Amino acid sequence: MQSKYKIRLLRANLLAAAVALALWTPATNPTTALVLWLSVGWLFITALMLDFSHRRSRGLPWQAIPGALLVGLIASAPERHGILIWAWAAMLMLPQKSWVMAFNLSAALISSVMVAPVLSTPEFLVLLCSMLILGLLALSRAQQLIDINGSIRQRLRLIPGLNLWAGEQLLRDITREQTRCEREGIHAEVFILHVKRHQLWTTAQKLCELTYDFENVYRLNSTTLVTLMLSRSPKEAAQRRALLLAGLPENTTSEHLELIDIEPATLTVFEMSKLPTERARETT
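Description of the structure in this document. In this text, all values refer to a predicted model and were calculated from it rather than measured experimentally. (Residues numbered from 1 in each chain as written. Predicted model: local features only at pLDDT ≥ 70, side-chain atom pairs only at ≥ 80, totals over all residues. Heavy atoms only, no water.)

**Quick notes on the nonpolar core**
Phase 1 of the analysis: The biggest cluster of nonpolar side chains holds 24 residues, and the ones touching the most others in it are Leu-43, Leu-70, Ile-74, Ile-85, Trp-88 and Leu-127.
Phase 2 of the analysis: Counting residues per element, the ones that place at least two in this core are helix H1 (7-24), helix H2 (30-49), helix H3 (64-76), helix H5 (87-92), helix H6 (98-115) and helix H7 (121-152).
Phase 3 of the analysis: Element by element, the count of residues in this core is highest for H2, at six residues. (Core = buried A, V, L, I, M, F, W, Y, C linked by side-chain atoms within 4.5 Å. Buried < 20%, exposed > 50% of the residue type's maximum accessible area, 1.4 Å probe, protein only. Helix = DSSP H or I, 4+ residues; strand = E, 2+ residues; numbered from the N terminus.)

Take a look at the structure:
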């Protein structure tokens, strides 16, 4: 799973970029060197902390930081760093929030104005036309990635390496597991856990560790987790529920339903997370 998301390759590229900028600093003035070292630090820290996870909020302003550093580098020495203006095409290619995109577009335009004095009029016009074409292609690619990522979140694991899936996957798995249970005579239950919002991801990871490898965990919303538990009998299922609850936060509440009692054809993720309170409920 690690290689699938190319985390190691991306980390290596970030470290290589940090080294390249560090080698650029000796021949620069103090102001430029300061911006370069800030960029080196950001690249180095990002490479060390990099990890693929859908938990990272898309609302965080981390994407504005490289844009600010890039415009700072160009502003510190336009005649020396003017070539960096082509990096804006790569910046605009990243999926990002609308306000971050607006910031990067504005910064790219400002960068073009900064390098204008060191270019002749024809060269500047060619630069603007080229930047416009590359910018449109980059924005088009960014929109494609946003659409792809949106569909991926509905069908792939939420955390690489763990059996944690989006809630939509649960609706597809219920039908398959019902058929298997009827064929093999297995007792199966849908075990629903309600947790505090800030405890969701740590509880999900712990639940994945406590369940078997062939049992999936699903995130229905920001406070609800579900797992499909397979056991030999209802008695064994009750024992497993008690063991699972013992290893989870004390304020966790739970509900369970026999898988055979669920009608997947009319069930939705929202309905699953809002089961009636008269269901059997346990609290640690």
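**What to know about H2**
Phase 1 of the analysis: Across its 20 residues, H2 extends 28 Å between first and last C-alpha, which sits within 8% of the 28 Å expected from 1.5 Å per residue.
Phase 2 of the analysis: Among all positions of H2, only Thr-32, Ala-33, Val-35, Leu-36, Ser-39, Val-40, Trp-42, Leu-43 and Ala-47 are buried. (Expected span 1.5 Å × (residues − 1).)

**Some details on the environment of Tyr-212**
Phase 1 of the analysis: With respect to the secondary-structure elements, Tyr-212 resides in the loop between helix H9 (200-210) and strand E3 (217-221).
Phase 2 of the analysis: Distance in space between the C-alpha atoms of Tyr-212 and Leu-230 is 9.1 Å, their sequence separation being 18 residues.
Phase 3 of the analysis: Those residues in contact with Tyr-212 that sit more than four places away from it in its chain are Asn-163 and Arg-240. (Contact = heavy atoms within 4.5 Å.)

**Let's talk about the packing of H2 against H3**
Phase 1 of the analysis: Viewed as axis vectors pointing N to C, H2 and H3 meet at an angle of 155 degrees, and their least axial separation amounts to 9 Å. The angle between H2 and H3 places the two elements in the roughly antiparallel class. The interaxial crossing formed by H2 with H3 has left-handed handedness. Residue-level inspection shows Thr-32, Val-35, Leu-36, Leu-38, Ser-39 and Trp-42 of H2 in contact with H3, the latter providing Ile-65, Pro-66, Leu-69, Gly-72, Leu-73 and Ser-76.
Phase 2 of the analysis: Residue classes in the contact of H2 with H3 are distributed as eight nonpolar, four polar and no charged. (Axes fitted to C-alpha atoms, helices over the stretch in contact; angles between N-to-C directions. Parallel < 35°, antiparallel > 145°, perpendicular 65-115°, else oblique. Left-handed = near helix turned anticlockwise from the far one by under 90°. Nonpolar A, V, L, I, M, F, W, Y, C, P; charged D, E, K, R; others polar.)

**Focus: the side chain of His-194**
Phase 1 of the analysis: Looking at the element boundaries, His-194 is found in strand E2 (residues 187-194).
Phase 2 of the analysis: Judged by its relative accessible area of 17%, His-194 falls in the buried class.
Phase 3 of the analysis: At 2.9 Å, the side chain of His-194 and the side chain of Glu-255 are in polar contact. (Polar contact = N/O pair within 3.5 Å; in protein donor to acceptor, adjacent residues only side chain to side chain.)

**Here we look at the packing of aromatic side chains**
Phase 1 of the analysis: On inspection of all chains with the given rule, the structure shows one aromatic pair.
Phase 2 of the analysis: Seen in terms of ring centroids, Tyr-212 and Phe-214 are 5.3 Å apart; in terms of plane orientation they differ by 20 degrees. Their pairing is stacked. (Phe/Tyr/Trp six-rings, centres within 6.5 Å; stacked < 30°, edge-to-face > 60°.)

**Here's the deal with the layout of surface pockets**
Phase 1 of the analysis: In this structure, the second largest pocket encloses a volume near 210 Å³.
Phase 2 of the analysis: Lining the second largest pocket are 14 residues, with Leu-105, Ala-108, Leu-109, Met-131 and Leu-132 positioned closest to its centre.
Phase 3 of the analysis: Those elements that provide at least two residues to the lining of the second largest pocket are H5, H6 and H7.
Phase 4 of the analysis: Top contributing element to the lining of the second largest pocket by residue count: H7, with seven residues.
Phase 5 of the analysis: Looking at side-chain class alone, the lining of the second largest pocket contains 12 nonpolar, two polar and no charged residues. (1 Å grid on protein atoms, 1.4 Å probe; cavity = no way out; pocket = protein on both sides within 12 Å on 5 of 7 lines; lining within 4 Å. Points joined across faces, edges and corners; volume = space filled by probe spheres on them.)

**Quick word on helix H8 (residues 167-184)**
Phase 1 of the analysis: Between its first and last C-alpha, H8 extends 25 Å over 18 residues, near the 26 Å set by a 1.5 Å rise per residue.
Phase 2 of the analysis: Bending of H8 peaks at approximately 30 degrees at the position of Asp-173.
Phase 3 of the analysis: Along H8, the positions that sit buried rather than exposed are Gly-167, Gln-169, Leu-170, Asp-173, Ile-174, Glu-177, Gln-178 and Cys-181.
Phase 4 of the analysis: Gly-185 occupies a position one or two residues after H8 and carries a positive phi of about 70 degrees. (Bend = angle between axes of the 7 residues up to and from the residue.)

**Some words on the side chain of Ser-39**
Phase 1 of the analysis: Examined against the element boundaries, Ser-39 turns out to sit in helix H2.
Phase 2 of the analysis: The class of Ser-39 is buried, set by a relative accessible area of 4%.
Phase 3 of the analysis: What Ser-39 contacts, discounting residues up to four positions off in sequence, is Leu-21, Leu-69 and Leu-73.

**Points about the pairing of strand E4 (residues 224-231)**
Phase 1 of the analysis: Among the eight residues that make up E4, eight are buried, leaving the element largely enclosed by the rest of the structure.
Phase 2 of the analysis: Neither face of E4 is left uncovered, since the one carrying Thr-224, Val-226, Leu-228 and Leu-230 and the one carrying Leu-225, Thr-227, Met-229 and Ser-231 both have all their residues buried.
Phase 3 of the analysis: Here E2 pairs with E4 via eight bridges, running antiparallel. Following the sheet pairing, Leu-193 is matched in E4 by Leu-225.
Phase 4 of the analysis: Both E3 and E4 contribute to a ladder of four bridges, which runs antiparallel. Paired with Val-217 across the strands is Thr-227, a residue of E4. (Pairing = 2+ DSSP bridges.)

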